[in-house]
Amino acid sequence: MITNNEIQTKEQIRYESFILKGGLERSFKNLILGRAIKPCGKECEEYGYKIVTHFNHESFQNFKDLMNNIEFLLNCAKLSPNPMMCECYFYNFINNNLKRNKAFRLEFLKSIYLNENVYTPESIMWFVENFKFEKENKKILSDLEFKKIFAKRLDEQLDYPQFHLDGNDRKKVRQYKDQCNFVKTTNQLRQIGIIKILSLFVEDKLVDFQNDYNIFNNEF
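Residues numbered from 1 in each chain as written. Predicted model: local features only at pLDDT ≥ 70, side-chain atom pairs only at ≥ 80, totals over all residues. Heavy atoms only, no water.

Asker: Can you walk me through the side chain of H57 in this structure?
Answerer: With respect to the helices and strands, H57 occurs in the loop between helix 3 (45-52) and helix 4 (70-79). Classification of H57 by relative accessible area gives buried; the value is 0%. Those residues within four positions of H57 in sequence are excluded, and the remaining contacts are I51, V52, S80, P81, C86, E87, C88, Y89, F90 and F93. (Helix = DSSP H or I, 4+ residues; strand = E, 2+ residues; numbered from the N terminus. Buried < 20%, exposed > 50% of the residue type's maximum accessible area, 1.4 Å probe, protein only. Contact = heavy atoms within 4.5 Å.)

Now the structure itself:
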């Protein structure tokens, strides 16, 4: 009779052989080309995180264990591209029992809110409406503690590219300026979007009262 340890050892050997033969490189190339890939005998999380950073998540239909791993799935919800922009977003392939779990659903939507690639009300509502998260969304927008956590996203900024040019290559200088303009525009859009999402949360009455008090004192 084959033991679990023997099965795990065989899978580890198969996975190491897969890596040595360039299997990971070939798989990632297929991902870039939009092709679904399969596990290599081991559904490792590192492999899954590579998949979720691409726009096509169809491969996850072949990763049953990862699609039942709560910690992995919540991390993926924070790391993926904007779900609105994805093809076959990975939520489609999550274990059906988890999809019915109220606690998991609430935490999953919170992770969507905290995804740095999601920063417009339209993106949030796309997910909410497409996957029927209206009840969870209502709870989140009434959660003042989570509102404070989400508000910290106002500090998010894309870093500007470093300048390593001598200034004589006009083409490279122009490319650098274009990159800087892109970062500037994206940061502005991110701030505007996050402020709009914050406006959807319930108001903190204590904060509002303090604001009114400060305004009154400033007037007199």
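Asker: Looking at this structure, how should I read the nonpolar core?
Answerer: The tendency in soluble globular proteins is for nonpolar side chains to be buried side by side. Among the nonpolar cores identified, the biggest contains 38 residues, and Y89, F90, I94, F108, I112, Y113 and F127 are the most heavily contacted of them. Put simply, the parts of the chain that give this core at least two residues each are helix 3, helix 4, helix 6 (102-113), helix 7 (121-130), helix 8 (134-141), helix 9 (144-151) and helix 10 (170-198). (Core = buried A, V, L, I, M, F, W, Y, C linked by side-chain atoms within 4.5 Å.)

Asker: How do you make sense of the side chain of K147 when you look at a structure like this?
Answerer: Summarising the element assignment, K147 is placed in helix 9. A distance of 3.1 Å separates a polar atom in the side chain of K147 from the backbone oxygen of V202. Setting aside chain neighbours within four positions, we find K147 in contact with L198, F201, V202, E203 and D204. (Polar contact = N/O pair within 3.5 Å; in protein donor to acceptor, adjacent residues only side chain to side chain.)

Asker: Would you mind showing me how to read the layout of surface pockets here?
Answerer: Here the idea is plain: a probe the size of a water molecule rolls over the atoms and shows the empty space left. Taken as a whole, the largest pocket spans an internal volume of roughly 190 Å³. Lining the largest pocket are 16 residues, with P81, N82, E116, N117 and Y119 positioned closest to its centre. If you tally residues by element for the lining of the largest pocket, the top one is helix 10, at 3 residues. Taken together, the residues of the lining of the largest pocket break down into 7 nonpolar, 7 polar and 2 charged. K102, A103, R105, L106, K135, E136 and K139 together form the lining of the second largest pocket. Among the elements that make up the lining of the second largest pocket, the one with the highest residue count is helix 6 (4 residues). When its residues are assigned to classes, the lining of the second largest pocket shows 2 nonpolar, no polar and 5 charged. (1 Å grid on protein atoms, 1.4 Å probe; cavity = no way out; pocket = protein on both sides within 12 Å on 5 of 7 lines; lining within 4 Å. Points joined across faces, edges and corners; volume = space filled by probe spheres on them. Nonpolar A, V, L, I, M, F, W, Y, C, P; charged D, E, K, R; others polar.)

Asker: Which parts of the structure should I look at to understand the packing of aromatic side chains?
Answerer: Each pair of aromatic rings is reported with the distance of its centres and the angle of its planes. Across all of its chains, the model carries 23 aromatic pairs by this definition. Ring geometry for Y47 and F63: centres 5.8 Å apart, planes at 55°, overall tilted. Note that Y47 is positioned in helix 3 and F63 in the loop between helix 3 and helix 4, a separation of 16 residues in sequence. Each of the two residues, Y47 as well as F63, counts as buried. Relative to F63, the ring of F60 lies with its centre 6.0 Å away and its plane at 75°, an arrangement referred to as edge-to-face. Comparing F60 with F63, the two get one shared label, buried. Between the NZ or CZ atom of R105 and the centre of the ring of F133, over which it lies, the distance is 4.0 Å. (Phe/Tyr/Trp six-rings, centres within 6.5 Å; stacked < 30°, edge-to-face > 60°. Lys NZ or Arg CZ within 6 Å of the ring centre and 35° of its normal.)

Asker: Can you walk me through helix 9 in this structure?
Answerer: Along an α-helix, a turn takes 3.6 residues, which lines up residues three or four apart on a common side. Among the residues of helix 9, F146, K147 and F150 are the ones counted as buried. Along helix 9, the residues classed as buried sweep out an arc of 105° about the axis, all on the same side. The secondary structure elements touched by the buried residues of helix 9 are helix 6, helix 8 and helix 10. For helix 9, the side-chain oxygen to backbone nitrogen distance between the N-cap and E145 is 3.0 Å, and the N-cap itself is D143. (Arc of directions from axis to C-beta.)

Nothing here speaks to function; it is all geometry.
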